[in-house]
Amino acid sequence: MREQYRSTALNEQALAQGPMEQFARWFAEAAAAALLEPNAMVVSTATPGGRPSSRTVLLKKYDERGFVFFTNYASRKGREIDANPQVSLLFPWHALARQVIVSGTAVRIGRAETAAYFHSRPHGSQLGAWASDQSAVIPSRGDLVRRYEELATRHPEGSEVPVPGHWGGIRVVPEAVEFWQGHENRLHDRLRYVTEEHGGWRVERLAP
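*Asks:* In this structure, what is going on with the overall build of the protein? I would like to understand it.
*Replies:* A tally of helices and strands in the protein yields five helices and nine strands. Secondary structure of the protein in N-to-C order comes out as α-β-β-β-β-α-β-β-α-α-α-β-β-β. In the protein, buried positions account for 40% of the 208 residues. Residue pairs at least 24 apart in sequence account for 63% of intrachain contacts in the protein once pairs closer than 6 positions are excluded. For the protein, the accessible surface area stands at approximately 11,600 Å², while carbon and sulfur atoms represent 52% of it.

Laid out in structure tokens, this is it:
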């Protein structure tokens, strides 16, 4: 299977000054194109021994400080981030023949910021964060549903659900951000922002 990408060239002169501003431009275009969950991204982590793992999560916030998602800190990705904070993010916008690849360092966000987001979630999602010991082996789906129903009885709709101490936000602080634009004959554009030693960013063009 092969697809010939037909798109507009991505030139250095057209790039924003920094990667987060450029990401904001592309993200807005992905959202405007009505892509399914344009904020879905693949998060890749690795153990200290170098064994990698990947999963898809939803980007919930981005700004000049980086990219934020939320997770159970005791999950596999949470444990791997604690042991090895070097991570990669991938936004696979296939319909636009675009990708954004982020390399950076993961850090936990503050509890106040986590609490503000947690209480903005639907009530069922708040209960789900308590019900699931993410990545742990469980006896059955029925066991998971029973735990959820017990929590729903304890914290009915309209009541305040406490923020789990084991759950919160992760911010990926970018060190390199690549913007990939597909073209015909594999002559893709790959422009990468890389942090300078004394601050600021430089842009590199990579061969496709």
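There is more to say, and it comes next.
*Asks:* Would you take a moment to explain the side chain of Arg 55 for this structure?
*Replies:* Inspection of the secondary structure puts Arg 55 in strand β2 (residues 52–58). Buried and without a salt bridge, Arg 55 has Glu 80 as its closest oppositely charged side chain, separated by 4.1 Å. A distance of 3.2 Å separates polar atoms of two side chains, one belonging to Arg 55 and the other to Thr 45. Setting aside its immediate chain neighbours within four residues, Arg 55 contacts Met 41, Val 42, Val 43, Ser 44, Thr 45, Arg 76, Lys 77 and Glu 80.

*Asks:* It is not clear to me how the packing of helix α4 (residues 123–131) against helix α5 (residues 141–154) should be interpreted in this structure. Could you clarify?
*Replies:* The axes of two packed helices give the description: the angle between them and the distance between them. The N-to-C vectors of α4 and α5 enclose an angle of 125 degrees; their axes lie 9 Å apart at closest approach. With respect to α5, the element α4 is oriented oblique. In this structure, α4 meets α5 at a crossing whose hand is right-handed. Residues Gly 124, Leu 127, Gly 128, Trp 130 and Ala 131 of α4 form the contact with α5, whose participating residues are Leu 144, Arg 147, Tyr 148, Leu 151 and Ala 152.

*Asks:* Explain the pairing of strand β6 (residues 98–108) to me, please; I cannot follow it from the model alone.
*Replies:* Every other side chain in a regular strand lies on the same face of the sheet, so the side chains alternate between the two faces. Where strand β5 (residues 86–93) meets β6, eight bridges bridge the pair, whose relative direction is antiparallel. The residue of β6 that forms the bridge with Leu 90 is Ile 101. Hairpin remark: β5 followed by β6, antiparallel, with four residues in the connecting loop; positive phi at Ala 97, about 55 degrees. Strand direction decides the pairing type here: β6 and strand β7 (residues 167–181), joined by eleven bridges, are antiparallel. For Thr 105, the partnering residue across the bridge sits in β7 and is Val 173.

*Asks:* Can you help me understand helix α2 (residues 76–83) in this one?
*Replies:* Helical geometry: 3.6 residues make up each α-helical turn, so side chains three or four residues apart lie on a common side. Turning to α2, its buried residues number three or more, namely Lys 77, Gly 78, Glu 80 and Ile 81. Buried residues of α2, seen end-on, are gathered within an arc of 165 degrees and therefore sit on one face of the element.

Rules of the game
Residues numbered from 1 in each chain as written. Predicted model: local features only at pLDDT ≥ 70, side-chain atom pairs only at ≥ 80, totals over all residues. Heavy atoms only, no water. Helix = DSSP H or I, 4+ residues; strand = E, 2+ residues; numbered from the N terminus. Buried < 20%, exposed > 50% of the residue type's maximum accessible area, 1.4 Å probe, protein only. Contact = heavy atoms within 4.5 Å. Areas by Shrake-Rupley, 256 points an atom, 1.4 Å probe, with all protein chains shown as cover. Lys, Arg positive; Asp, Glu negative; His and termini not counted. Salt bridge = Lys/Arg side-chain N within 4 Å of Asp/Glu carboxyl O. Polar contact = N/O pair within 3.5 Å; in protein donor to acceptor, adjacent residues only side chain to side chain. Axes fitted to C-alpha atoms, helices over the stretch in contact; angles between N-to-C directions. Parallel < 35°, antiparallel > 145°, perpendicular 65-115°, else oblique. Left-handed = near helix turned anticlockwise from the far one by under 90°. Pairing = 2+ DSSP bridges. Arc of directions from axis to C-beta.

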